[in-house]
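Letter by letter, the chains look like this.
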Protein chains: 2
Amino acid sequence: MNLKELAQKLGLSPTTVSRALNGYPEVSESTRARVMAAAKRHNYRPNTRAIRLATGRAMAIGHVIPTASRHEIMNPVFADFIAGAGETYARNGYDLILSIVPDDDEDRVYRELHARGTVDGIIVHGPRLNDPRLRLLDDIGFPYVVHGRATGTVTPYSWLDVNNRRAFRRATEFLLDFGHRRIALINGLEFMDFAIRRRTGYLEALAARGIAPDPDLMSSEEMTELRGYRAACDRLGRDAPPTAFLVSSMISGLGVRRAIEERGLRLGSDISVIIHDDALSYLPNGEDVPIYTATRSSVREAGRQAAEMLLDIIAHPASAPQQRLLEAELIIGQSTGPVPAPRRS
Amino acid sequence: MNLKELAQKLGLSPTTVSRALNGYPEVSESTRARVMAAAKRHNYRPNTRAIRLATGRAMAIGHVIPTASRHEIMNPVFADFIAGAGETYARNGYDLILSIVPDDDEDRVYRELHARGTVDGIIVHGPRLNDPRLRLLDDIGFPYVVHGRATGTVTPYSWLDVNNRRAFRRATEFLLDFGHRRIALINGLEFMDFAIRRRTGYLEALAARGIAPDPDLMSSEEMTELRGYRAACDRLGRDAPPTAFLVSSMISGLGVRRAIEERGLRLGSDISVIIHDDALSYLPNGEDVPIYTATRSSVREAGRQAAEMLLDIIAHPASAPQQRLLEAELIIGQSTGPVPAPRRS
DNA sequence: AATCAACTTCAAACCGCTTTGGACAGGCAA
DNA sequence: TTGCCTGTCCAAAGCGGTTTGAAGTTGATT
């Protein structure tokens, strides 16, 4: 059942039927009602492909996920971010197109997506220091919103980010307030922008108390359980082990906890741990009481908001770039406590 | 730059240009070369929307992810499965459209996707016992492939699944061979088909050795770290605790391990654990030596193959439904060992 | 009664490609 | 020479909607 057939059945022109269904005013209410009823009865659904060609809009947003060439792995936060964004798209009649792309091929994909008119705009994932993608997108005039930021980019662009710097600064201060002085940072890969900012926050907090950072206490790894475990083992095995860990992800945090408990130490009393919690649905930080003290910011909510921002930009192409900085909560769980009194031995 | 303009520049008709670019034979090799060169020079990209309307194909596949109404959470294996499928689509010029849908709305979405011609086929995720979706899809004549199976469905349909039953049977037998008799099963939610099959495999192995299953040793939960932890704590706190755990996911397995180590027990020597490892990229089971003994099957590879199957079905609509059963490997890690001698006390 | 504006409705063009059904030229067989 | 292929190329008709420009109706105004 297409528009022409429906129009024929109604004894109307396609024009009128189209307008009736799309709420245009130049159609009498009586025929509109008649058309609506007929459309429902024959469960008419306008063909997406025809609409897209006729209107010149793709009614779709692209998410380009760079994948494993060397460094990257399929990042688990994508799933929740995309779930959030997907909700927004669904509400607005947009489709979500997902491109999994080897990251040396990303440029080509952006260009194609734009030139072929497959999508109306894109979300940029995993921004890095001086990310060259933003330049490219600006050049070809492709609407986009960055999830995160790309330090070093001077021209204004649209982004939505968590205040990673402040979150990690606050977390560090919280540990310092408990008397911790040797705080290990188990960070993500530090060519990623978020990781850079988190380290900055950590260093700022230390500097503000006049504590010199110890390079041996800082590590930058992929955020897997195993890497977290290894990094923690390494730190704990040294002469002057840390009394606290600040960990960039829940998943690495599981590994850190394993390393700690394997040594017979107790989380929260012997050693403190703060993680960053993206509020992933399958990794809840406890049910009523949080297990970990954490800087928390829902990546799903970020997805929702980034999508809204992008749709707004697409609807108002002339408007200035938009930015939104979300603050992470610092939630207190059972994994932090005062520095234990040094053992007499 | 569109086809008409390009044709004009070349002094050819759109017909010829189109045919030259699409490799049709009724075009001389010399003009074909000329056209190709011009297309590259002006970097002409045919408009996706026009192609789709003209050919009547969407060149896109839908993945419908049901989401949190009550039971479900955003399943972490989706990310890897979709990454795998995405590779296949990219190779074949298809787009991947992701729909995040509250699961009471799933039917409507399938119907729309089909009636509006947004996608050419779909992958069904998370099949359940007697899943009503398959019936719906058959009724509206929508090509699909199920990731998993739906026990109870009598009409043949296309699916790709891991042999969950055999995997868990083998894993159970492996534990039995080590002398374990009290083996706890920490399963996923048992209205999901895969979980049902895993339990069946577990029960079969017990039955084959004449061991009566103990309901207290079986649990069915969402597969999160916390649930795994709780379930394990519960089992370990009883009078006759299990000497081994069979766990349906890596993530729950992390929780089980935590429960075990928290009690000062050693994984592999005091208590054995086998998990199912979907080979998620961000949850590697060790690097060289596997940490867990595991039934392993790459969900990413499953995604690749399911996508291939679906594209084949779309290309040959008249062909019979296809099925593929992947066998999981049983890989031996450090988390299993013989039953420890009972402590004298 | 004539004029005009407001309402409705429609025919046709258009979006940018694919595909059908020729048209034309050159080569070869009859 | 005529007829028939074969090889190239093209005009035009879709695909299924939206949108422009115009036309026909009505009712009110002058």
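The rules behind each value
- As a convention, each chain's residues are numbered from 1 in the sequence order in which they are written.
- Both sets of labels track the order of writing: A upward for chains, 1 upward for ligands.
- Owing to the predicted nature of the model, reporting of local features is limited to residues with pLDDT of at least 70; listing and counting of side-chain atom pairs is limited to 80 or more, with chain, interface and lining totals taken over all residues.
- Values reported for side chains reflect all heavy atoms of the structure, with hydrogen atoms and water molecules removed beforehand.
- Labels follow the DSSP assignment, with helices taken as runs of H or I lasting at least four residues and strands as runs of E lasting at least two, numbered in each case from the N terminus.
- To get the radius of gyration, use the C-alpha atoms; to get the globule rule, take the number of residues to the power 0.38 and multiply by 2.2 Å.
- Any two residues having at least one pair of non-hydrogen atoms within 4.5 Å are treated as being in contact.
- All accessible-area figures derive from a Shrake-Rupley calculation using a 1.4 Å probe, and residue coverage is judged against the displayed protein chains alone.
- Joining two parts hides part of their accessible area as seen by a 1.4 Å probe, and the buried area is that hidden amount summed over both.
- When a carboxyl oxygen of Asp or Glu is within 4 Å of a side-chain nitrogen of Lys or Arg, the pair counts as a salt bridge.
- Identification of polar contacts relies on pairs of N or O atoms within 3.5 Å, with a donor-acceptor requirement for protein atoms, meaning one able to donate a hydrogen and the other able to accept it, and with residues adjacent in sequence counted only if both atoms are side-chain atoms.
- Amino acid classes used here: Ala, Val, Leu, Ile, Met, Phe, Trp, Tyr, Cys and Pro are nonpolar; Asp, Glu, Lys and Arg are charged; the rest, including Gly, are polar.
- By convention in this text, a residue qualifies as near a molecule or strand provided that one of its non-hydrogen atoms is within 4 Å of it.
- Only when DSSP finds a minimum of two bridges between them are two strands counted as paired.
- What counts as an axis is a line fitted to C-alpha atoms, over the stretch in contact for a helix, and the angles between N-to-C directions run from 0 to 180 degrees.
- Exposed residues in this analysis have more than 50% of their type's maximum accessible area, buried residues have under 20%, and partly exposed residues fall in between, with area computed by a 1.4 Å probe over protein chains only.
- The definition of a nonpolar core used throughout is a set of buried Ala, Val, Leu, Ile, Met, Phe, Trp, Tyr and Cys residues joined through side-chain atoms within 4.5 Å.
- A helix is expected to span 1.5 Å for every residue after the first.
- Handedness rule for crossovers: strands pointing away from the viewer, path from the first strand over the helix to the second running clockwise, crossover right-handed.
- The domain limits used here are those given by an automatic or database domain assignment.
- Least-squares fitting of one copy onto the other uses the C-alpha atoms of those residues that reach a pLDDT of at least 70 in both copies.
- Two rings belonging to Phe, Tyr or Trp (six-membered ring only in the last case) form a pair when the distance between their centres is within 6.5 Å. Interplanar angles under 30 degrees mark stacking, angles over 60 mark edge-to-face geometry, and anything in between is tilted.
- Lysine NZ or arginine CZ positioned within 6 Å of the ring centre and within 35 degrees of the ring normal marks a charge as sitting over the ring.

Q: Whenever I open this one, the overall build of chain A confuses me. Can you help?
A: Helices and strands together make up the secondary structure of chain A, namely 12 helices and 12 strands. What you see for chain A is a C-alpha radius of gyration of 26 Å, clearly larger than the 20 Å of a compact globule of 345 residues, by over 25%. Judged by the C-alpha coordinates and their principal axes, chain A covers about 95 × 45 × 30 Å. In chain A, the proportion of contacts linking residues at least 24 apart, taken out of those at least 6 apart, comes to 68%. For chain A, the accessible surface area stands at approximately 14700 Å², while carbon and sulfur atoms represent 51% of it.

Q: Would you explain the interface of chain A and chain B in this entry?
A: Interfaces are often sized by the accessible area lost when the parts come together. In this assembly, 51 residues from chain A lie in contact with 51 residues from chain B. When chain A packs against chain B, the two sides together hide about 4800 Å² of surface, and 58% of this comes from carbon and sulfur. Counting across the interface, chain A meets chain B through four salt bridges. We note a salt bridge from E112(A) to R45(B), for which the minimum N-O separation is 2.5 Å. Our count for the chain A to chain B interface comes out at 17 residue pairs in polar contact (both at pLDDT 80 or more). Of all the secondary-structure elements, those providing two or more residues to the side of chain A that touches chain B are α4 (48-55), α5 (76-91), β2 (95-102), α6 (106-115), α10 (225-236) and α11 (250-262) of chain A. Of the residues contributing to the side of chain A that touches chain B, the split by class is 23 nonpolar, 10 polar and 18 charged.

Q: Can you walk me through the protein's contact with DNA strand C in this structure?
A: In the vicinity of DNA strand C there are 25 residues, among which T15(A), E26(A), L3(B), S18(B) and R19(B) approach most closely. Near-protein atoms of DNA strand C (within 4 Å) split between backbone and bases, with sugar and phosphate holding 58%. Here S28(A) contributes a backbone N or O atom positioned 3.4 Å from a phosphate oxygen of DNA strand C. Of all the elements in the fold, those that place two or more residues in the surface near DNA strand C are α2 (14-21) and α4 of chain A together with α2 (14-21) and α4 (48-55) of chain B. The biggest single contributor to the surface near DNA strand C is α4(B), with four residues. Considering only residue class, the surface near DNA strand C consists of 10 nonpolar, 12 polar and three charged.

Q: Help me understand the sheet that holds strand β6 (residues 183-187) of chain A, please; the structure alone is not making it clear to me.
A: Backbone-to-backbone hydrogen bonds join strands into a sheet, with any given pair of strands oriented parallel or antiparallel. Residue and element names in this part refer to chain A. Judged by pairing direction, the sheet is mixed, and its six strands sit side by side in the order β7-β6-β8-β9-β10-β12 without closing on themselves. Strands at the two margins of the open sheet, each flanked by one partner only, are β7 (218-220) and β12 (329-331). Each neighbouring strand pair of the sheet contributes to a mean axis angle of 15 degrees, computed without reference to strand direction. Where β6 lies against strand β8 (residues 244-247), four bridges are found, and the strand directions are parallel. Residue pairing across strands places A184 opposite F245, the latter belonging to β8. Packed on one face of the sheet, helix α8 (residues 164-177) meets β6, β8, β9 (272-277), β10 (293-296) and β12 and runs near 170 degrees to β8.

Q: Would you take a moment to explain the side chain of S272(B) for this structure?
A: All names here are of chain B. As for its position among the elements, S272 is in strand β9 (residues 272-277). Here S272 falls in the buried class, since its relative accessible area comes to 1%. The contact partners of S272, leaving out residues within four places of it in the chain, are L175, H180, T243, A244, F245, S335, T336 and G337.

Q: Could you clarify how one ought to interpret the nonpolar core in this entry?
A: Side chains of nonpolar character tend, in soluble globular proteins, to be buried together. Of all hydrophobic cores here, the largest spans 147 residues; its most connected members are F245(A), V273(A), F245(B) and V273(B). The contacts of F245(B), once residues within four sequence positions are left out, are L175(B), A184(B), I186(B), A232(B), R235(B), L236(B), V256(B), I260(B), I271(B), S272(B), V273(B) and I274(B). By size, the runner-up hydrophobic cluster in this structure holds 40 residues, among which are A60(A), F142(A), F142(B) and W159(B).

Q: I'm lost on helix α12 (residues 299-315) of chain A in this one. Help?
A: Given 3.6 residues per helical turn, the α-helix brings residues three or four places apart onto the same face. Residues and elements named next belong to chain A. In this model α12 runs 24 Å from its N-terminal to its C-terminal C-alpha over 17 residues, within 8% of the 24 Å that 1.5 Å per residue would give. Along α12, the residues classified as buried are V299, R300, A302, G303, Q305, A306, A307, M309, L310, L311, I313 and I314. For α12, the side-chain oxygen to backbone nitrogen distance between the N-cap and R300 is 3.3 Å, and the N-cap itself is S298.

Q: How do you make sense of the protein's contact with DNA strand D when you look at a structure like this?
A: The full set close to DNA strand D counts 25 residues, and L3(A), S18(A), R19(A), T15(B) and R19(B) are the nearest of them. Here the atoms of DNA strand D within 4 Å of the protein split so that 55% fall in sugar or phosphate, with bases taking the remainder. Between S13(B) and DNA strand D, the recorded distance is 2.9 Å, taken from a backbone N or O atom to a phosphate oxygen. In the model, a base nitrogen of DNA strand D is placed 2.5 Å from a nitrogen or oxygen of the R19(B) side chain. Within the residue set of the surface near DNA strand D, elements represented by two or more residues are α2 and α4 of chain A together with α2 and α4 of chain B.

Q: For this particular structure, what's the right way to read the pairing of strand β4 (residues 144-147) of chain B?
A: Successive side chains on a regular strand alternate, one facing one side of the sheet and the next facing the other. All names here are of chain B. Covered by surrounding structure in β4 are Y144 and V146 together with V145 and H147, the residues of both alternating faces. Regarding the hand of the β-α-β motif, the stretch spanning strand β3 (residues 121-124), helix α7 (residues 132-140) and β4 is right-handed. The sheet contact formed by β4 and strand β5 (residues 159-162) spans two bridges and is parallel. Within β5, the residue paired with H147 across the bridge is L160.

Q: Explain the sheet that holds strand β12 (residues 329-331) of chain B to me, please; I cannot follow it from the model alone.
A: All names here are of chain B. Taken in spatial order, the six strands line up as β7-β6-β8-β9-β10-β12 in an open sheet, and their pairing is mixed. Each edge of the open sheet is held by one strand with a lone partner, namely β7 (218-220) and β12. Strand-to-strand twist in this sheet, taken as the mean axis angle between neighbours without regard to direction, amounts to 15 degrees. Where strand β10 (residues 293-296) lies against β12, three bridges are found, and the strand directions are antiparallel. Paired with R296 across the two strands is E329, which belongs to β12. Across the sheet, helix α8 (residues 164-177) lies against β6 (183-187), β8 (244-247), β9, β10 and β12, angled at about 170 degrees from β8, the strand it touches most.

Q: What's the story with the domain arrangement of chain A in this structure? I'm lost.
A: Here the domain parsing of chain A yields domain 1 (3-46), domain 2 (60-162 + 300-327) and domain 3 (164-297). The C-alpha centroid of domain 3 of chain A is placed 61 Å from the C-alpha centroid of domain 1 of chain A.

Q: I keep staring at the relation of the copies chain A and chain B and nothing clicks. Help me out?
A: Both copies of the chain are tied together by a single rotation about an axis and a shift running along it. Each copy superposes on the other: chain A lies on chain B with an RMSD of 0.1 Å after a rotation of 180 degrees and an axial shift of 0.0 Å. Within this description, the copies of the chain are treated as partners about a two-fold rotation axis. Minimal C-alpha distance to the rotation axis in chain A is attained by I97(A), lying at 2.3 Å. Of all interface residues in chain A, 100% are interface residues in chain B too; the two copies therefore contact each other through one and the same surface.

Q: Where do I start with the side chain of Q305(A) in this structure?
A: Counting through the fold element by element, Q305(A) comes out in helix α12. Setting aside residues up to four positions removed in sequence, Q305(A) forms contacts with L160(A), R324(A) and L326(A).

Q: Which parts of the structure should I look at to understand the packing of aromatic side chains?
A: Any aromatic ring pair is given by two values, namely how distant the centres are and how the planes are angled relative to each other. Enumeration over the complete set of coordinates arrives at two aromatic pairs over all chains. Relative to F178(A), the ring of F174(A) lies with its centre 5.2 Å away and its plane at 75 degrees, an arrangement referred to as edge-to-face. Taking the relative accessible area as the measure of exposure, F174(A) reaches 18% and is therefore buried. On the accessibility criterion, F178(A) (29% relative accessible area) is partly exposed. The aromatic ring of W159(B) is capped on one face by R149(B), whose charged end is 4.6 Å from the ring centroid.

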